[in-house]
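Examination of the molecular architecture
Residue strings, one per chain:
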Amino acid sequence: VQLQASGGGLVQAGGSLRLSCAASGRTFSTYVMGWFRQAPGKEREFVAGISWSGGSTNYADSVKGRFTISRDNAKNTVYLQMNSLKPEDTAVYYCTARNGIATRSASAYSYWGQGTLVTVSS
């Protein structure tokens, strides 16, 4: 599966952005999807994940209550709605896909998008 992330940009602290990730392939609905991020000089970290059906989601503690992951299997797209953004949310955001159960480990994901940059100014 190929993944194409979009929606990043520059936003002021407290603002919102919605990231989208369009996937190719007819088996999108069978994949667990996730969002990770990587800030300059830091390791890639888990942000949010969603089951194949969309019925189960999980979030990093740092974004819980502010970010919402969702998916539309008819459109082969996964979203990340980001509200109340903080400067520490600044990073390149990557969407990912894998077969199997949800996990927060980056190494478990087989497919990665190219990343989209989110910059939050103070």
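The structure presented is a predicted model; accordingly, all values stated were derived computationally and were not measured.

1. Here we look at the overall build of the protein chain
A count of helical and extended segments in the protein chain gives zero helices and eleven strands. Over its C-alpha trace the protein chain gives a radius of gyration of 13 Å, about what one expects of a compact globule, namely 14 Å for 122 residues. Each of the 122 residues in the protein chain was classed as buried or not, and the buried ones make up 43%. Partitioning the intrachain contacts of the protein chain with sequence separation of at least 6 by distance along the chain shows that 57% fall at a separation of at least 24. In the protein chain, 12 positive and 6 negative side-chain charges are present, and the distance between their average locations comes to 7 Å.

2. A short note on unusual backbone geometry
Of note in the backbone geometry, Asn-76 takes a positive phi value of approximately 55° without being a glycine. Within the secondary structure, Asn-76 sits in the loop between strand E7 (67-72) and strand E8 (77-82). Given the relative accessible area of 19%, Asn-76 is considered buried. For Ser-84, which is not a glycine, the phi torsion comes out positive at approximately 50°.

3. Digging into the pairing of strand E4 (residues 32-38)
Regular strands show a simple pattern: their side chains alternate between the two faces of the sheet. Most of E4 sits inside the fold, with six of its seven residues counted as buried. Across seven bridges, the pairing between E4 and strand E9 (residues 91-98) is antiparallel. Residue pairing across strands places Val-32 opposite Arg-98, the latter belonging to E9. Pairing of E4 with strand E5 (residues 45-50), which is carried by five bridges, proceeds in the antiparallel orientation. Along E5, the bridge assignment pairs Trp-35 with Ala-48.

4. Observations regarding the pattern of salt bridges
Taken as a whole and judged by the stated rule, the model has four salt bridges. A salt bridge links Arg-37 to Glu-45; its shortest N-O distance comes to 2.6 Å. What makes Arg-37 buried here is its relative accessible area of 5%. Salt-bridge contacts for Asp-89 lead to Arg-37; the nearest nitrogen and oxygen are separated by 2.9 Å. Taken together, the positions of Asp-89 in the loop between E8 and E9 and Arg-37 in strand E4 put the pair 52 residues apart, joining distant regions of the chain.

The rules behind these values
Residues numbered from 1 in each chain as written. Predicted model: local features only at pLDDT ≥ 70, side-chain atom pairs only at ≥ 80, totals over all residues. Heavy atoms only, no water. Helix = DSSP H or I, 4+ residues; strand = E, 2+ residues; numbered from the N terminus. Rg over C-alpha atoms; globule rule 2.2 N^0.38 Å. Buried < 20%, exposed > 50% of the residue type's maximum accessible area, 1.4 Å probe, protein only. Contact = heavy atoms within 4.5 Å. Lys, Arg positive; Asp, Glu negative; His and termini not counted. Charge placed at Lys NZ, Arg CZ, Asp CG, Glu CD. Pairing = 2+ DSSP bridges. Salt bridge = Lys/Arg side-chain N within 4 Å of Asp/Glu carboxyl O.

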